[in-house]
Amino acid sequence: MKSLLNRFPRVQEIIPVFAVIVFMVYAWSIISFLWVLPSWLNFMTPAEIASGFCYVLTLCLVESLSFLLLLLALCFILPSIILKNEFIVRGSALTVSVLGSLMLYFRSHPFFAQLNNSLYSFLLAALFVAILAAFLSTAIRGLRRFMNWISDRLIVFLYVLLPLTLLSIVVIVIRNVV
Amino acid sequence: MPSPSRRDFLKIAAVTSASLALSRYLPWKQPSHSLEGSSDRNVIILVFDAMSARHLSVYGYPRKTTPNFERFAGRANVYHAHYSPGNYTVPGVSSLLTGLHPWTHRAVNLSGLVARDLADRNIFERLDARYHRFAFSQNVWATNILTQFENGIDEFLPSSAFSQFSMVASEAFPNDPRSAHQAYDDFMFDFIDSPASLGFGLAERFYFEQKKKRMFERKYPRGIPQPRNYPLVYKLDQVFDGIIETLETLEQPFFAYIHVFSPHAPYRARRDFVGIFDNGWNPTPKPEHVFSEGETEETVQKNRIWYDEYIANVDDEFGRLLDSLEKSGVLGKSYLMVTSDHGELIERGVKGHVTPLMYEPLVNIPLLVSTPGQVEGKQIHTPTSSVDILPTILKAAGHEIPTWVEGQLLPEFGSTTAEDRPIYMMDAKSGSSFGKFSTATFAMRKGKYKIILYRGYKAYEEDAFEVYNLENDPEELDDLVLKNDPVVVELKSELLKKFDEVNKAHVSA
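The rules behind these values
- Residues numbered from 1 in each chain as written.
- Chains lettered and ligands numbered in written order.
- Predicted model: local features only at pLDDT ≥ 70, side-chain atom pairs only at ≥ 80, totals over all residues.
- Heavy atoms only, no water.
- Helix = DSSP H or I, 4+ residues; strand = E, 2+ residues; numbered from the N terminus.
- Expected span 1.5 Å × (residues − 1).
- Buried < 20%, exposed > 50% of the residue type's maximum accessible area, 1.4 Å probe, protein only.
- Arc of directions from axis to C-beta.
- Polar contact = N/O pair within 3.5 Å; in protein donor to acceptor, adjacent residues only side chain to side chain.
- Salt bridge = Lys/Arg side-chain N within 4 Å of Asp/Glu carboxyl O.
- Contact = heavy atoms within 4.5 Å.
- pLDDT = per-residue confidence, 0-100.
- Buried area = accessible area lost by both parts, 1.4 Å probe.
- Nonpolar A, V, L, I, M, F, W, Y, C, P; charged D, E, K, R; others polar.

Peer 1: What am I meant to see in helix α8 (residues 198-214) of chain B here?
Peer 2: Every α-helical turn comprises 3.6 residues, leaving residues that sit three or four positions apart pointing alike. Residues and elements named next belong to chain B. End to end, α8 covers 25 Å across 17 residues, agreeing with the expected 24 Å (1.5 Å per residue, within 8%). Looking only at α8, the buried set comprises Leu198, Gly201, Leu202, Glu204, Arg205, Phe208 and Glu209. Take α8 and look down its axis: the buried residues cluster within an arc of 160°, on one side only. Capping the start of α8, Ser197 holds a side-chain oxygen 3.3 Å from the backbone nitrogen of Phe200, two or three residues further along.

Below is the structure:
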């Protein structure tokens, strides 16, 4: 059991990477929310909008946890030297490059009504960039320092976003069960 | 004959007053003030999404698309000049269910809703609780509008009812559908714009497409029918099986609003309807418009055939429903209204209805109404609008018509409507819902004429108009504005006057 647990990074290493994931996932959704808010104000009550925001935050948490689980699964599967031993730096680099690529794609394709070959090519390219970024982040000293620094700084968002999300979950439960 | 004494007079007065006072408690029914003498009839509104009257053989279309509609027309009132007040679902459905024009209810944006302060003005809440009020829409946008009226709905099925497969996320939250819909179906998992969920938005799309591929069936060579903007697939025959079973088991009297997504794009007819119109007939060629989408003539003609085949498929299912209603006796006890929320334009370099255009195929929609016991068909050519449906139903149900209603009774239902009553249509999906309409198309049908105003579009430097004489020119090819026809000045003046009157920012009621 202990040897199995040894295949995962320590909690102190997981938290900064989770902070990066949370920051990117929540930022994309919250900025998109602010973009649609003026139109929602026209046909929804403030209570409905607030509860809509609760649904958004809740899904963001599930999405962030899913992405983290994916990274942890990679740690478990791959040799330690590839990801686990450098989890903060490489995990953060993978997060930034994968989620950043998706943001870039969505920004440049605002109407993505159909999955097409351009998306598949883009995803392949994004995967290549992510792997490259993960290795470069440990090879280039400046990049390593930056990844450590940014992942540490972003932890502050966990103190804000996670309690807010827990409150959102309570709101959703009340609206659907009570 | 002796004159009655004072005592006789008092006796008669006392008996009369008591009778009047007690009459409502007596076991026999009062004469109803409904149209057909009974207020306990069922009312069924059957809406086929994006069904243009201009593609139905019951209205004279050369392709035999609707033999079952024609059969129904033999016992129904057929409205030939019926119009949707909008050219897509949101304004069309909202006007039908509220009896209000789009400039009043303000559901004018894609996935928009009726203004909050007007949401209690709807057919469900106006019908009394004697009716079992039922609603089902496969169109998720219409379902979202219906959630605004849920206080008046006794039984409300989700969009995915009778479907093969659905990933409409908000249906997991039946107690809070509107917030969940806005947050998930129209935002985090948006199928049209970029999803607000980075990973799940994309993952959902992948999963849905893979699942759909595995569901491919020979029976549907162009794919299984589905709405374009939500992850849901269905087989039309199974949907109609569900509708038939539901209508047979609803507690009577009932009011049922049923909104079938077909024949909305993508046009996916069943195999036995594929190829039935490959007989070489082609519609009148029409010039491209400044708002054309650049579709080639070949694409347009191909899509037109696919759309017509899909309509024939829908008509076949409608025939099954009609047979079932007749067999169960429900039809004889019901008002059955068959209509659409808007039309479809497959010409002039355009295919679909997300366009500022307002040509007849986009707004001229079917309306066939059979009353309980009706055995003969009637052809009605007076222009009518979807805003007329609510007052007509209320009258049929023996209810008072509220003063806020903007429609009138339909002809044959007690209307004294003049032939030249103006019928209005508008599109303002690209602007603010609640401010003044700065970019909009506004149209009016009056008598045999139709005038269209395009305002605020970049394609035009100033207000642009088109005027057609629909009697002589039903295909809208001969623009009277270009001919300086004297009627244009009068129509322009009337349309602008009306537009100025209604084009105000929304003020809460």
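Peer 1: Is there a simple way to think about the pattern of salt bridges in this case?
Peer 2: In a structure, side chains of opposite charge can pair up when their charged atoms sit close to one another. All names here are of chain B. Counting across every chain of the model gives 35 salt bridges over all chains. Of the charged contacts, one joins Glu70 and Lys64 as a salt bridge, the two residues approaching to 2.6 Å between their closest N and O atoms. Classification of Glu70 as partly exposed rests on a relative accessible area of 27%. Asp478 is paired through a salt bridge with Lys483; the nearest N and O atoms lie 2.9 Å apart. You can call Asp478 partly exposed: its relative accessible area is 32%. Bridged by salt links that share partners, the residues Asp241, Arg270, Asp272, Asp316, Glu317 and Arg320 form one connected network.

Peer 1: Help me out: how do you make sense of helix α7 (residues 155-177) of chain A in this one?
Peer 2: In this model α7 of chain A runs 33 Å from its N-terminal to its C-terminal C-alpha over 23 residues, within 8% of the 33 Å that 1.5 Å per residue would give. Considering only its buried residues, α7 of chain A is in contact with α2 (11-43), α3 (46-77) and α6 (141-153) of chain A.

Peer 1: Please explain the confidence of the model for chain A as it appears in this structure.
Peer 2: Regions with low pLDDT should not have their predicted coordinates read in detail. Put simply, chain A has an average pLDDT of 91, and 96% of its residues get 70 or more. In the model of chain A, helix α1 (residues 2-5) of chain A stands out as the element of lowest mean pLDDT, 77, in contrast to α7 of chain A, which has the highest, 96.

Peer 1: Help me out: how do you make sense of the interface of chain B and chain A in this one?
Peer 2: When the parts come together, some accessible area is lost, and that loss is often what is quoted as the size of the interface. In this complex, chain B contributes 33 residues to the contact, which on the side of chain A involves 40 residues. With both sides pooled, the region where chain B packs onto chain A buries about 3300 Å², and carbon together with sulfur makes up 66% of that total. For the salt bridge of Glu48 of chain A with Arg178 of chain B, the shortest nitrogen-to-oxygen distance reads 2.6 Å. Our count for the chain B to chain A interface comes out at 13 residue pairs in polar contact (both at pLDDT 80 or more). Here the side of chain B that touches chain A takes eight residues from helix α7 (residues 177-188) of chain B, the largest share from any one element. Across the side of chain B that touches chain A, the residue classes tally to 18 nonpolar, eight polar and seven charged.

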